[in-house]
Amino acid sequence: MIEIEHCQEDVKTLLDRPIVLVGIMGVGKTTVGRLLASRLGWSFYDTDDEIVRLVGKSISDIFSEDGEPAFRELERTTIKHLLSQGPCIISSGGGGFTVPETTQAIKERSLALWMDAPIHLLVDRTKSGDRPLLKHGNPEDVLQNLLDRRRVYYAQAHVHVLDDGLTPEEMANRVLLQIREYLYDRASDQEKESFVPDAMCMTVTVTDRSYPIFIGSGLIKQPELWLAHELQGRDAFIITDYNVRERITDSFVKTLKPLMKSVSMMELAPGEQTKSFERYQAVLEWMIDNGVKRDSVVFAVGGGVIGDLAGFAAATIMRGVDFIQVPTTLLSQVDSSVGGKAAINSKSAKNIVGTFYQPRTVVIDLDTLMTLPRREWLSGYAEIVKYGLIGDEAFFEWLGENGALMLDGNLSQTMRAIETGCHKKAEIVANDEKEKSGERALLNFGHTFAHALEANAGYDGTLLHGEAVSIGMVLAARLSQRLGYLAQDDVDKIYNHLHSLGLKTEIRDVGFKTPVTVDDLISAMKKDKKTDVHGLKFVILKRIGDADLESSVDEALVVSILEGSM
Ligand SMILES: NC(=O)c1ccc[n+]([C@@H]2O[C@H](COP(=O)([O-])OP(=O)(O)OC[C@H]3O[C@@H](n4cnc5c(N)ncnc54)[C@H](O)[C@@H]3O)[C@@H](O)[C@H]2O)c1
């Protein structure tokens, strides 16, 4: 269970400077700031109040009589003074953080925290009150405009916390959770030994909105910690599979019930075959029969199969209803639940019918992994290794030292690995949500080979997705070496790491039920989504931690790589 009191104590111990709350008007900087101050036993300062006290007139009067530049200057000097007060909470005015000199001082001498919220909540919260900037024009347009202009500044804050309809107490909890995580990441090895966070929260930003990912132990038992208030009291539609239902979903239903108007559950057969047109239709019919409405909330509780199918159903029913991912396999926790790809399979192609549809929240409860078979752990682990290979050599090295511990179920290593994976994926998705610039395509490292292997294995459990990815990464590393990019040493490191942990690394490890030829694999690659007008396309490595896309790869070379592994 998550103990917020521990979190408070950790923040108090580790933080030796003020926390400055930045963000647009209406996000609750003052209310939440006061709560944080009282929890931490620190002083609270509101820059606007300090200015009013100093000048002896209201903010409105300063704006109308002296102009905005005069106000910004007062704000700058006030913040500078407050920053020298030691640990305390400072609520800064909405525009203060957009003045370069003020921004720099805040970033250097405090922990800057961006409090973010969707516009509809801000409009609601700013209805009453003295807000000079909202006196002219439609408040929604004014706020949207302000946020569009200021987002680039706010994004420089050290920590970004999303309020998706929380009470001030809940927002204060979330802030503490995220600050602790930030501090833990930067703590010395000695400090890290003294505590391991039991939970963390990060914010994913996509084109038009943000959403939180929670990672921790015991989260499913505490939905009040992560379920946004505005989603509570609605009809919940939980989609799960047989294996997960008895282990996890039944008890989740019980804890969720008191928070929702109604909770319905549909259980499906486990396995890739469930991502079919027939099951998709069955899910939609079930929701319609059970009175789905525009404000219903779909929960996916299960692995990537359930997440992909439930996400596609949530995206398409009534043109989209709110969707929450509760991934229960390592693979879905570190990969499929983040990033918003939702899809089903056709008879001949995987994930060919789908859409991009971001969840409202992702809840990664590490306790769910306790019942996961080792084969599934290994499958998920392959996707974790992928993040190191395509973009973070140090993380790959870290896995070299900690991978075995993690696969033995060590919670702290598992949490670190999942968190890093989610961070990496969130970063890539933020830059290229719909796979337009090519950055997101790098996540397909090893996947051109993997999908061909999976298609030939038949999606019947002979070869798991991550197992195929593991073999695919070894083959893609060899291809990168043959194309003159990757050193043989690095190819060996990749192979040895995966092999030593017991992952599949060669095509001959698959155990196909019927014999498969090189031609079968090449023909599957040509049908894959990753092939374009330029022919066979691969993600290659230039070195460990640096990936790129390579089009028009010579088929003869691919054939020889495949032959060498069969
Ligand atoms: N959307 C994306 O971005 C994305 C990314 C990667 C993979 N995927 C998709 O994800 C799917 C694979 O996901 P997966 O590996 O999670 O497979 P899965 O959903 O089939 O789950 C694997 C098995 O584990 C069981 N299981 C799940 N949680 C369990 C638990 N806690 N304890 C015991 N058993 C449990 C399931 O019933 C199933 O039998 C594929 O369809 C793949 O295409 C999607």
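Residues numbered from 1 in each chain as written. Predicted model: local features only at pLDDT ≥ 70, side-chain atom pairs only at ≥ 80, totals over all residues. Heavy atoms only, no water.

(A) Local environment of the overall build of the protein chain. Of the regular secondary structure elements, the protein chain holds 23 helices and 16 strands. In summary, the protein chain has a C-alpha radius of gyration of 25 Å against a globular reference of 24 Å for 566 residues, a match within 12%. Principal-axis analysis of the C-alpha atoms places the extent of the protein chain at approximately 85 × 55 × 45 Å. Partitioning the intrachain contacts of the protein chain with sequence separation of at least 6 by distance along the chain shows that 75% fall at a separation of at least 24. Put simply, the protein chain shows about 22,700 Å² of open surface, and 49% of that area lies on carbon and sulfur atoms. Within the protein chain, the 82 negative side-chain charges are centred at a point lying 3 Å from the centre of the 62 positive side-chain charges. (Helix = DSSP H or I, 4+ residues; strand = E, 2+ residues; numbered from the N terminus. Rg over C-alpha atoms; globule rule 2.2 N^0.38 Å. Contact = heavy atoms within 4.5 Å. Areas by Shrake-Rupley, 256 points an atom, 1.4 Å probe, with all protein chains shown as cover. Lys, Arg positive; Asp, Glu negative; His and termini not counted. Charge placed at Lys NZ, Arg CZ, Asp CG, Glu CD.)

(B) Looking closely at the sheet that holds strand β9 (residues 262-268). The sheet built from seven strands is open, its strands ordered β6-β7-β14-β11-β10-β8-β9 with mixed pairing. Where the open sheet ends on each side, the last strands, each with one partner, are β6 (199-206) and β9. Strand-to-strand twist of the sheet, defined as the mean angle between neighbouring strand axes without regard to direction, takes the value 15 degrees. Bridge count between strand β8 (residues 235-241) and β9: seven bridges; the pairing is parallel. From the neighbouring strand, Thr-240 faces β9, where its bridge partner is Glu-267. Each of β8, β9 and β10 (297-302) touches helix α13 (residues 277-289); the most contacted strand, β9, lies at about 160 degrees to it. Across the sheet, helix α18 (residues 411-431) lies against β6, β7 (209-216) and β14 (361-365), angled at about 10 degrees from β6, the strand it touches most. (Pairing = 2+ DSSP bridges. Axes fitted to C-alpha atoms, helices over the stretch in contact; angles between N-to-C directions.)

(C) Structural view of the packing of helix α16 (residues 374-391) against α18. Relative to each other, α16 and α18 sit at 55 degrees, their axes nearing to 10 Å. As summarised for this structure, α16 and α18 are arranged oblique, according to the angle between their axes. Between α16 and α18 the crossing geometry is left-handed. Across from Trp-377, Ile-384, Tyr-387 and Ile-390 in α16, the residues of α18 making contact are Thr-414, Ala-417, Gly-421, Lys-424, Lys-425 and Ile-428. Tallied by class, the residues present in the contact of α16 with α18 amount to six nonpolar, two polar and two charged. (Parallel < 35°, antiparallel > 145°, perpendicular 65-115°, else oblique. Left-handed = near helix turned anticlockwise from the far one by under 90°. Nonpolar A, V, L, I, M, F, W, Y, C, P; charged D, E, K, R; others polar.)

(D) The pairing of β14, seen in detail. For β14, the tally of buried residues reaches five of five residues, placing the bulk of the element in the interior. Of the two faces of β14, the one carrying Thr-361, Val-363 and Asp-365 and the one carrying Val-362 and Ile-364 are both buried. Bridge count between β7 and β14: four bridges; the pairing is parallel. Residue pairing across strands places Ile-213 opposite Val-362, the latter belonging to β14. As paired strands, strand β11 (residues 322-327) and β14 are joined by two bridges and run parallel to one another. Each residue of the ladder has a partner; that of Gln-325, found in β14, is Val-362. (Buried < 20%, exposed > 50% of the residue type's maximum accessible area, 1.4 Å probe, protein only.)

(E) Structural detail: helix α3 (residues 47-55). Here α3 has its buried residues at Thr-47, Glu-50 and Ile-51. Axial view of α3: buried residues confined to an arc of 100 degrees, hence all on one face. Looking at the buried positions of α3, the neighbouring elements they touch are β2 (43-46), α4 (59-66), α5 (68-82) and β3 (88-91). (Arc of directions from axis to C-beta.)

(F) Inspection of helix α23 (residues 555-565) at higher detail. Those residues of α23 that sit buried are Leu-557, Val-558, Ile-561, Leu-562 and Ser-565. The arc that holds every buried residue of α23, seen down its axis, measures 135 degrees, which confines them to one face. The exposed set on the far side of α23, more than 90 degrees from its buried face, consists of Ala-556, Glu-563 and Gly-564. Against α19 (447-457), α20 (465-482), α22 (518-527) and β15 (538-543) lie the buried residues of α23. The N-cap residue of α23 is Asp-554: its side-chain oxygen and the backbone nitrogen of Ala-556 are 3.2 Å apart. (Polar contact = N/O pair within 3.5 Å; in protein donor to acceptor, adjacent residues only side chain to side chain.)

(G) Structural detail: the domain arrangement of the protein chain. Taken domain by domain, the protein chain comprises domain 1 (4-197), domain 2 (209-372) and domain 3 (393-565). One C-alpha centre belongs to domain 1, the other to domain 2, and the line joining them spans 33 Å. In this complex, domain 1 contributes 13 residues to the contact, which on the side of domain 2 involves 12 residues. Its largest share of buried area at the contact with domain 2, domain 1 owes to Leu-162, Asp-164 and Arg-174, together 45% of the area lost on that side. The tally of links from domain 1 across to domain 2 stands at zero salt bridges. Seen at the junction of domain 1 and domain 2, the total is three residue pairs in polar contact (both at pLDDT 80 or more). If one sorts the elements of the side of domain 1 that touches domain 2 by residue count, helix α9 (residues 168-186) sits on top with four residues. Its residues assigned to classes, the side of domain 1 that touches domain 2 comprises four nonpolar, five polar and four charged. (Domains from an automatic or database assignment. Buried area = accessible area lost by both parts, 1.4 Å probe. Salt bridge = Lys/Arg side-chain N within 4 Å of Asp/Glu carboxyl O.)

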